[in-house]
Amino acid sequence: APPAGGGGGCTVWTSGADFGSPPPLRSVTSAGRLPSRSLSPVATPEEALRARLDAVPRGIPGWRQFEDAATDALTHLFVPPLADPIRQARSYSGIDRRDAIFPNRNHGAPNHWGRLLHELEARMVLVEFKNYDSQEIGKDEVNQTRNYLTRPLGRLALIVSTKEPNHAAHLK
């Protein structure tokens, strides 16, 4: 279920895959704006990242801020063991632009990223950001992201969105 409160926030939705880890993090930001006590100094890096995500305007006006804040949050969570992200990476043809790609160099590593590299050939973890204001994430956004998954990249992508995916996004 989406976070309570209806306002702001960014929710991470997972496919339900179980790699023997604790339950997946469902929401990386609070529901709505931070309480008034948040005006005091932020106690942890995670709270600072959450505050940045919560402060981003939804929709086109905040697309760059959302990509920057979300990339910083994912970098905090995933680097290492993943390598630093390549932002706004273009395909060799120059036609396609990916929002962020995290190189996965965990060859033979006994961790989750090593397993994803082996099972999904996830040499690169593709991340697409959707800072939507009112539009839902649907099958078109999923298909667009899926089309970016090529043999050199691998078969793992994340869609980081301010909106919950609709039913059609879960099909196929």
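Residues numbered from 1 in each chain as written. Predicted model: local features only at pLDDT ≥ 70, side-chain atom pairs only at ≥ 80, totals over all residues. Heavy atoms only, no water.

J.: Help me out: how do you make sense of empty space enclosed by the protein in this one?
T.: With a probe scaled to a water molecule rolled over the atoms, the places where space remains empty come into view. Within this structure, the stated rule accounts for one cavity of 30 Å³ or more. Here the largest cavity defines a volume of roughly 30 Å³. Lining the largest cavity are Arg64, Glu67, Asp68, Thr71, Arg87, Gln88 and Asp99. Elements with a minimum of two residues in the lining of the largest cavity: helix H2 (63-78) and strand E1 (86-90). Among the elements that make up the lining of the largest cavity, the one with the highest residue count is H2 (four residues). (1 Å grid on protein atoms, 1.4 Å probe; cavity = no way out; pocket = protein on both sides within 12 Å on 5 of 7 lines; lining within 4 Å. Points joined across faces, edges and corners; volume = space filled by probe spheres on them. Helix = DSSP H or I, 4+ residues; strand = E, 2+ residues; numbered from the N terminus.)

J.: Would you explain the side chain of Asn104 in this entry?
T.: Note that Asn104 resides in the loop between strand E2 (97-103) and helix H3 (112-120). Within the local environment of Asn104, its side chain forms a polar contact with the side chain of Asn106, the two groups lying 2.8 Å apart. If we skip the residues at most four places from it in the chain, Asn104 touches Leu82, Trp113, Leu117, Ala122, Arg123 and Met124. (Polar contact = N/O pair within 3.5 Å; in protein donor to acceptor, adjacent residues only side chain to side chain. Contact = heavy atoms within 4.5 Å.)

J.: What is the right way to look at the environment of Arg98 in this model?
T.: Among the structural elements, Arg98 can be located in strand E2. Judged by relative accessible area, which is 7%, Arg98 ranks as buried. In sequence terms Arg98 and Arg87 are eleven residues apart; their C-alpha atoms lie 7.6 Å from each other. (Buried < 20%, exposed > 50% of the residue type's maximum accessible area, 1.4 Å probe, protein only.)

J.: How should I be thinking about helix H4 (residues 139-148) in this particular structure?
T.: Since the α-helix advances by 3.6 residues per turn, residues separated by three or four positions end up pointing in the same direction. Those residues of H4 that fall on the buried side of the exposure criterion are Glu141, Thr145 and Tyr148. Along H4, the residues classed as buried sweep out an arc of 50° about the axis, all on the same side. Counted as exposed and oriented over 90 degrees from the buried face of H4: Asp140 and Asn147. (Arc of directions from axis to C-beta.)

J.: Can you walk me through the pattern of salt bridges in this structure?
T.: Where charged atoms from two side chains of opposite charge approach closely, those side chains can pair. A full pass over the atoms with the stated rule returns five salt bridges. Two residues, Asp72 and Arg52, come together in a salt bridge whose shortest N-O distance is 2.6 Å. Within this pair, whereas Asp72 is found in helix H2, its partner Arg52 is found in helix H1 (residues 45-55), the two being separated by 20 residues in sequence. When its relative accessible area of 26% is taken as the criterion, Asp72 is described as partly exposed. With relative accessibility at 36%, the residue Arg52 sits in the partly exposed group. When the shortest N-O distance is used, the salt bridge between Glu121 and Arg155 registers 4.0 Å. You can see Glu121 sitting in the loop between H3 and strand E3 (124-130) and its partner Arg155 sitting in the loop between H4 and strand E4 (157-161), a full 34 residues away along the chain. For Glu121, a relative accessible area of 26% corresponds to the partly exposed category. Residue Arg155 is classed as partly exposed on the basis of its relative accessible area of 47%. (Salt bridge = Lys/Arg side-chain N within 4 Å of Asp/Glu carboxyl O.)

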